[in-house]
Every structure is written in structure tokens, then in C-alpha cells.
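So you can see what is in the structure, the chains are spelled out below.
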Amino acid sequence: MTTSRPNHDRSWWGWGSTKAALSEGEVGELIERVRLLAPDHDFTDHPPPNPSDLGVPAPRVAPPSALSELCSQDVTDRLSHARGKAFRDVVRNLQGDVAQVPDLVAYPGDEQEVTALLDWCSEAEIAVIPYGGGSSVVGGVEPRFDGPAISLDTSRMRQVLEVDPTSRAARIQAGAYGPDLETQLREHSLTLRHFPQSFEFSTLGGWLATRAGGHFATLYTHIDDLTESIRMVTPAGVSQSRRLPGSGAGPSPDRLVLGSEGTLGVITEAWMRLQSRPQGQETATITFDSYADAVAATRAVAQAGLYPTNCRLLDSGEALLSTGTMVSGGMAIIAFESADHPVTAWLDRAIEIVGEHRGTVASVARRTPQGAEQTADGASAWRSAFIKMPYQRDALARRSMIAETFETACTWDQFETLHAAITHAAQDAINRVCGSGLITCRFTHVYPDGPAPYYGIYAPGRWGSLVAQWDEIKAAVSEAIIANGGTITHHHAVGRDHRPSYDAQRPDVFAQALGAAKRTLDPALILNPGVLLELR
């Protein structure tokens, strides 16, 4: 069994690439900033253990000879596929908690090999966890159950198979990582333009399976909006939807697959809607003295029919941490881009709107096809911080700091109440389990009828108790979200961590219908047990 993971520089215990982790100097600067929040905290470093020292149990199953070349039992392979990249995943890895890992990691190269693996596992009653890039932050790829399990890694299926320039669409294999996908599309002067924070380390199949949110803060907010057709291999057969720009022919088969999180089948490819590559972008950074004014201004822009590409609102804490900018009310970053026409008029109108709500323009940046740009300090700092955030989280986790996020969405009329409930619940839990800490908020996406607020928690923890401390905070905020009309997730998916809240959020009759669909497509109930549903 010599097959191994293609991305050899991926961190097995934490986020992203080992080559892109924070330098010693960057870690030092980070600690000095965080020390202002937690002056008495013990910042002792706890480096990751060596995988060979962890005593990972031997595989409980062996593949049939016809599949042996597809499967790896390498310890590092198995550890890197055992968990996602949430704070609690990183901490457990750092502490050497490897109680549950997949017995094997399978790397099919085509649909026939996917089918053969599903057939074997169905017959042998072995759980299968479809795996894209492993960037789940909700326990979506973790074998959190008894019994043998195989992680089915789709990364060998990563090609753009076909491009339809007339319709501006492409047939793309599900294992294509974001950068590989965009590189192949660049040859055709096209782009999918879907850039989640995990872009570099996540795949098309993972985006589809989790209904990922991406680059666009308005209009095309989720991967759903860019999906034309999906192909999925299930234990019961292959589902292939028809390529159409739209259809009113009954319930959509794609809607069943989108967000199914590997519980119904393995997505192998999809036709995706593309765009011409943008030629220009204009960005404004706006500051506010009042958070209420900042929220009202953002709502007004969202409801004006302008559909900005970017419309992020950072509260004062988030603005300070992410951009180093001190504001009393908040900072908005609004951007427009186009491959067809100048967008100056759209940005000018957005600036007029925020001005009506006492917003002050701090800077404007304009990028032309020639690449000329006037730097917008707030927006540029935000982009840089956005990429570094997960690496900073890992560095803080190694030093017993709780640094984690959660997100939701609600209608505008509910935001004030929901936001107050969440911040109260979070601060109360932080004070109770950590003594002190900070909660921040930003809007990642906005709609005419509501925002998607995204919260950050920063608090001093105790080595050995970090997971329990975070779980208590997370339980408190999840209860506040559901009790006050929010969704348990806008774009992070359900996984295993959000299951209790998802059970409370969805209608019972829908759960019964989804269960019936799963029993039809996955009769042996081998696919990602415990995610979305608990069936026996």
C-alpha cells in the first residue's frame, strides 16, 4: 500500500501548508499584541508531536487485492485525514489525542474506482467518509464513531475536463483544489470566482457538499449559485443532473446533493458556471463612529440593488485586530469589479449611501487592467489578515489561547436582538470558563433581507482544558443562535459539531424525508455516519 497524499507539505495537525506557517518573528509580534488582551497568560509553546510517537492503532480492515494499490495505511496519511481544521481539532492533535482515526485512506482516480470502493465497503459494512481538502471546521470528516472507517480522498480526480465557452461553463472533477481549478480555467480567460478562506486547501467537491460561501458578499454568495449540474456516485447508482440554466421541473436533484456533506454519495464532477476574468476593481474603506450607523449603512447598500462584490462590515474589535485601525463604530469595506464595464458609478453611489448614514471614506483604491492601484490601507490590511488568520489561530492554540470563530445569518429585523443575545451569551461563557476575553463580529455576506454575521472569540485558556472550555462557549452561543431565530451555520456546514442545533432548526418531517432518501441511496448506511442524520 504505497499510495500517499499528493500534498506533502500540508500540516497534518493544523491549517494549510507548513511552508506558509508564521515565522518566529511573526509569532513574536502576534504574542505581543495578544498579551495586551491577556497580560497574565502563560504563552508557553506546545509544539506538535511526531506522528510516529503517537501509537496510532493498526488498521482493523484490509482492502481486497484489487483495491490495495488505492489505499494507504501510512500513519501520517491517516492522522491528516482523521480531523478537519477547527480549533478543537488542532488542539486535540497538538495534545496527541488520536483515539479515532480512519483505518485506511483511499485515493480513487476515477468513478469506477469510487464505485468499487463503495461496493466493497457496503458489503463489508465499513464506514466511508468522503474527503476533499479536509478543511472542515465542524467535524465533517472525523470518524467519530465505533467501527472501521475509510477516508475516501478525491484529490487524484482534479482536472477541468471540458469547457463550454459559449455558455461560459466547465465540467470539473470534484477533487480539484481551488488554485488548480483556477489555473486550468485561466487558459480560457475564465474564472469560477469562488474564493472561500479555505480556497487554497479545499476542493470543488467539498464546496458543493457543504454549500460553501465564497468571494462574493452579495448575489453569488454560495457555490449553489454557480452550479449548473452535478454528478454523484452512490452505493445505489449514479445520479447525473441535466445541464440547464434554470428549470421548474419539480424538486431539483442538485438541491438534494448540495449540502449533503458526503452522506448520500461521492460527488465526482460538476458543470460550473463561469465568468470572464475581472479587468478592474474599485474599493472603498469607510469608518463609522456608531455601530448602529454602520449596520444601517450596510443594510442600505445591500438593499440598493448595487450588488457589490465585497461588502464586509467589521466592528471596532475586528477592525483593530485585523487591520490595526482604531474606530469607535466600525469599518466597512465595499468593492465592485467587472470584466465588462467601469464600476466607478456603482462605488460612488455606495459612498453616497454610507455618507447618508454618517460614514466617512478613509480611502479608495482603483485597480485597472494595467494593474495600477492606489492603496486602500484598511482593505489591503484586511485581505492580508484574512489569509493569515488560520495560521495565527494555530500559533495561539499552541500557546493555550482560545481563538476560534462561529457564524450565522438572520433577517435584518432580527439582527439587533440576535447580536445582543449572542454577544451576551458568549461574554458570559468566556468570563465563566476563561476569566476574560474578547468577542468580535464582522459581516461576511449581506442580502437585501439580512446579514451573515461572523464572530471571533479570543480568550486565555488552560492547556489540557482547551477543548472543554471551547465546547462550553460554543454550546452557549449555539443555544443563543437557535433561540433567537438565526441559522446554526451560514456557510460552515453542519458536520457532527452542529448536529444538535441542526436537529432543532430543521422541520421534523424534512428529517424523515431526508432519512428516506439516504436509505434509498445508501442502503448499508456507510456514508459519513452521524452527519446530518443519525440512522441505525
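See the structure shown above.
Residues numbered from 1 in each chain as written. Predicted model: local features only at pLDDT ≥ 70, side-chain atom pairs only at ≥ 80, totals over all residues. Heavy atoms only, no water.

> Talk me through the overall build of the chain; I want residue IDs and the actual numbers.
On a plain count of helices and strands, the chain comes out with 15 helices and 18 strands. Its C-alpha atoms give the chain principal-axis dimensions of about 70 × 60 × 45 Å. Contacts spanning at least 24 positions in sequence make up 73% of the contacts within the chain whose residues lie at least 6 apart. Looking at the chain as shown, the accessible area adds up to about 21700 Å², and 50% of this sits on carbon and sulfur atoms. One finds the centroid of the 46 positive side-chain charges in the chain at a distance of 1 Å from the centroid of its 63 negative side-chain charges. (Helix = DSSP H or I, 4+ residues; strand = E, 2+ residues; numbered from the N terminus. Contact = heavy atoms within 4.5 Å. Areas by Shrake-Rupley, 256 points an atom, 1.4 Å probe, with all protein chains shown as cover. Lys, Arg positive; Asp, Glu negative; His and termini not counted. Charge placed at Lys NZ, Arg CZ, Asp CG, Glu CD.)

> How would you explain the environment of Ser252 if you had to name every residue and give the values?
Here Ser252 lies in the loop between strand E9 (237-240) and helix H7 (253-257). Along the sequence, Ser252 and Met389 sit 137 residues apart, while their C-alpha atoms lie 37 Å from each other. Among the polar contacts made by the side chain of Ser252, one reaches the main-chain amide nitrogen of Asp254 at a distance of 3.2 Å. (Polar contact = N/O pair within 3.5 Å; in protein donor to acceptor, adjacent residues only side chain to side chain.)

> Outline unusual backbone geometry, listing residues and values.
In this model, Leu525 sits at a positive phi of 55°, which is unusual for a non-glycine residue. For Leu525, the position within the fold is in the segment after helix H15 (508-521). On the basis of relative accessible area, Leu525 is assigned to the buried category, the value being 18%. (Buried < 20%, exposed > 50% of the residue type's maximum accessible area, 1.4 Å probe, protein only.)

> I'd like a description of the pairing of strand E18 (residues 450-460), backed by residues and values.
Looking along a regular strand, one sees the side chains alternate between the two faces of the sheet. Among the 11 residues that make up E18, 11 are buried, leaving the element largely enclosed by the rest of the structure. By the alternation rule, side chains of E18 split into Gly450, Ala452, Tyr454, Gly456, Tyr458 and Pro460 and Pro451, Pro453, Tyr455, Ile457 and Ala459, which are all buried. Pairing of strand E16 (residues 401-407) with E18 involves seven bridges; the strand directions are antiparallel. Its bridge partner being in E18, Glu407 is matched across the sheet by Tyr454. Direction of pairing for strand E17 (residues 438-447) relative to E18: antiparallel, over a ladder of nine bridges. For Leu438, the partnering residue across the bridge sits in E18 and is Tyr458. Counting the residues that bridge the hairpin from E17 to E18 gives two residues. (Pairing = 2+ DSSP bridges.)

> I'd like to hear about the packing of aromatic side chains, residue by residue, with values.
What the rule picks out here adds up to seven aromatic pairs. Where Trp15 meets Phe201, the ring centres are 5.8 Å apart and the plane angle is 80°; that geometry is what we call edge-to-face. Of this pair, Trp15 sits in the segment before helix H1 (24-35) while Phe201 sits in the loop between strand E7 (190-191) and helix H6 (204-210); the two residues are 186 residues apart in sequence, bridging distant segments of the chain. On the accessibility criterion, Trp15 (9% relative accessible area) is buried. Residue Phe201 is classed as buried on the basis of its relative accessible area, which comes to 6%. Between Phe195 and Phe199, the ring centres sit 4.8 Å apart and the planes meet at 80°, which makes this aromatic pair edge-to-face. For Phe195, a relative accessible area of 24% gives the class partly exposed. These aromatic residues form a ring-pair network of at least three members: Phe195, Phe199 and Trp207. Directly above the aromatic system of Trp271 lies the positively charged group of Arg243, at a separation of 3.8 Å from the ring centroid. (Phe/Tyr/Trp six-rings, centres within 6.5 Å; stacked < 30°, edge-to-face > 60°. Lys NZ or Arg CZ within 6 Å of the ring centre and 35° of its normal.)

> Which residues make up the side chain of Glu404, and what values do they have?
Tracing the backbone through its elements, the reader meets Glu404 in strand E16. Buried and unpaired, Glu404 has no salt bridge, with Arg393 as the nearest side chain of opposite charge at 4.0 Å. Of note is the side chain of Glu404, whose polar atom sits 2.7 Å from the backbone nitrogen of Phe87. Setting aside anything within four residues of it in sequence, one finds Glu404 in contact with Ala86, Phe87, Arg393, Tyr455, Gly456, Ile457 and Trp470. (Salt bridge = Lys/Arg side-chain N within 4 Å of Asp/Glu carboxyl O.)

> Go over the pairing of strand E4 (residues 149-153), please, and point to the residues and values.
In terms of burial, E4 is largely enclosed, as five of its five residues are buried. The side-chain alternation of E4 yields two buried faces, one formed by Ala149, Ser151 and Asp153 and the other by Ile150 and Leu152. Strand direction decides the pairing type here: strand E2 (residues 104-106) and E4, joined by three bridges, are parallel. Its bridge partner lying in E4, Leu104 is registered against Ile150.

> Pulling in residues and values, what's your account of the sheet that holds strand E1 (residues 71-72)?
The sheet built from four strands is open, its strands ordered E1-E2-E4-E3 with mixed pairing. For this open sheet the edge positions go to E1 and strand E3 (127-131), each flanked by a neighbour on one side alone. Bridge analysis of E3 against E4 gives five bridges, and the strand direction is parallel. For Ala127, the partnering residue across the bridge sits in E4 and is Ala149. On the sheet, helix H4 (residues 111-124) packs against E1, E2, E3 and E4 and is oriented at approximately 170° with respect to E4. (Axes fitted to C-alpha atoms, helices over the stretch in contact; angles between N-to-C directions.)

> Just give me the short version of the side chain of Ser260, but keep the residues and values in it.
With respect to the helices and strands, the residue Ser260 is situated in the loop between H7 and strand E10 (266-273). In this structure Ser260 comes out as buried when scored by relative accessible area, which is 4%. Once residues lying within four places of it in the same chain are set aside, the contact partners of Ser260 are Ala209 and Leu532.

> Which residues make up the packing of helix H12 (residues 412-434) against helix H13 (residues 466-483), and what values do they have?
Interhelical geometry of H12 versus H13 gives an angle of 160° and a closest axis separation of 9 Å. Taken as axis vectors, H12 and H13 run roughly antiparallel relative to one another. Two packed elements cross with a definite hand, and for H12 against H13 that hand is right-handed. Residue-level inspection shows Leu418, Ala421, Ile422, Ala425, Ala426, Ala429, Ile430, Arg432, Val433 and Cys434 of H12 in contact with H13, the latter providing Gln469, Glu472, Ile473, Ala476, Val477, Ala480 and Ile481. Along the lines of polarity and charge, the residues of the contact of H12 with H13 split into 14 nonpolar, one polar and two charged. (Parallel < 35°, antiparallel > 145°, perpendicular 65-115°, else oblique. Left-handed = near helix turned anticlockwise from the far one by under 90°. Nonpolar A, V, L, I, M, F, W, Y, C, P; charged D, E, K, R; others polar.)

> Tell me about the environment of Thr298, and please be specific about residues and values.
With respect to the helices and strands, the residue Thr298 is situated in helix H8 (residues 291-302). Look at Thr298 and you get buried, because its relative accessible area is 4%. For Thr298 and Phe199, which are 99 residues apart along the polypeptide, the C-alpha to C-alpha distance reads 26 Å. Look past the residues within four positions of Thr298 in its chain and what remains in contact with it is Cys311, Leu313, Trp412, Phe443 and Val446.

> Can you break down the pattern of salt bridges residue by residue, with the values?
If you walk through the whole model with that rule in mind, you get 33 salt bridges. The partner of Arg231 in a salt bridge is Glu111, with the nearest N and O atoms 2.5 Å apart. Here Glu111 lies in helix H4 and Arg231 lies in strand E8 (residues 227-234), a separation of 120 residues in the sequence. Residue Lys518 is joined to Asp522 by a salt bridge in which the shortest nitrogen-to-oxygen separation is 2.7 Å. Note on accessibility: Lys518 and Asp522 belong to one class, buried. Connected through salt bridges with shared partners, the residues Asp89, Arg92, Glu142, Arg144 and Asp497 form a single ionic network.

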